[in-house]
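# A structural walkthrough
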Amino acid sequence: MKSSACSLGLYLVVATGLAAAADAPAPPSPGTPASIYAPLAMEAGTWDVSVAFFDPATGAQNGDARGRQVNTLLANGHWIVDHLVVFADDGKKVAFEGQGAWGWDPAGQEYVGSWVDTNDGALRVDHGFWVAEQKTLYWSALQPDGHGHAVSYRMTETFADSTRTLSFFQIAMQSGRQVKLAEMTFSRRD
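Structural notes, computed from the coordinates. (Residues numbered from 1 in each chain as written. Predicted model: local features only at pLDDT ≥ 70, side-chain atom pairs only at ≥ 80, totals over all residues. Heavy atoms only, no water.)

### With respect to the overall build of the chain
Stated precisely, the cut-off is as follows: Counting from the N terminus, the helices are the DSSP runs of H or I reaching at least four residues and the strands are the DSSP runs of E reaching at least two. Three labels apply to residues, based on accessible area from a 1.4 Å probe with only protein chains included: buried if under 20% of the type maximum, exposed if over 50%, partly exposed otherwise in between. We call two residues contacting when some pair of their heavy atoms lies within 4.5 Å.
Looking only at helices and strands, one finds 2 helices and 10 strands in the chain. Going from N to C terminus, the chain has its helices and strands arranged as α-α-β-β-β-β-β-β-β-β-β-β. Here the chain holds 190 residues, and the buried ones make up 34% of them. Of all intrachain contacts in the chain linking residues separated by at least 6 positions in sequence, the fraction that spans at least 24 positions is 34%.

Have a look at this one:
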């Protein structure tokens with residue numbers, strides 16, 4: 001009985017401490033300026049998205065789609081969870097869905113993110129940096145292709161008032177040429 005009472009007491013102390021911690025925003029890690037978290041705050045919210053697809057061989061646009069993205073900041077403002085849905089032509093059926101999370105890694109001194117979606121068979125891990133003067137995030141990723149190889153990607157995300165543009169490129173394995181696959185234009189809904 002004494003052991004159960006001690007366990008319950010410890011649980012209550014931990015739970016109370018966690019509840020109090022959840023109410024207060026966490027300060028930036030030592031030496032991390034608050035401005036590091038600015039792009040996360042800029043991306044938070046609900047966005048309508050227009051997607052343009054490009055033919056890798058010719059570079060010509062060969063399709064388009066529409067969708068919605070909901071991005072939720074965690075309570076401390078240091079991490080964000082993204083949920084993207086792209087609809088089929090009828091505007092109702094989901095043609096593509098993806099989920100990611102990203103933020104600032106104080107140990108690595110870079111932005112890091114993860115992404116999974118209905119087109120890929122493996123988790124993608126992104127590494128990035130922010131250029132405040134350009135209001136642009138630059139990302140790179142190396143993703144397993146499910147056949148024992150990895151595919152290299154580059155992304156740029158540029159913010160402008162109530163819109164942002166994400167351009168998605170694959171790096172050709174033999175030539176190293178950057179091939180544009182898609183461009184997503186986000187318009188803030190809320």
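Once you've had a look at it, read on.
### As for the packing of aromatic side chains
Going by this rule: Centres within 6.5 Å are what make two rings of Phe, Tyr or Trp a pair, Trp counting through its six-membered ring; a difference in plane orientation under 30 degrees is then read as stacked, over 60 as edge-to-face, and the rest as tilted.
This structure, assessed with the given rule, holds 7 aromatic pairs. Measuring from centroid to centroid gives 5.4 Å for W102 and W139, while their planes differ by 85°, and the two rings are edge-to-face. Here the residue W102 occupies a position in strand β4 (residues 94-105), and W139 occupies one in strand β7 (residues 136-144), the gap between them amounting to 37 residues. Residue classification places W102 among the buried positions, given a relative accessible area of 5%. Its relative accessible area of 8% is what places W139 among the buried residues. On the basis of an interplanar angle of 70° and a centroid distance of 5.0 Å, the ring pair of W104 and Y111 is categorised as edge-to-face.

### Quick notes on unusual backbone geometry
It is generally the case that most residues other than glycine have a negative phi and that most peptide bonds are trans. Despite not being glycine, Q109 shows a phi value in the positive range, around 55°. Unlike most non-glycine residues, D161 shows phi in positive territory, near 55°. Mapped onto the elements of the fold, D161 is located in the loop between β8 (150-160) and β9 (163-171). On the accessibility criterion, D161 (80% relative accessible area) is exposed.

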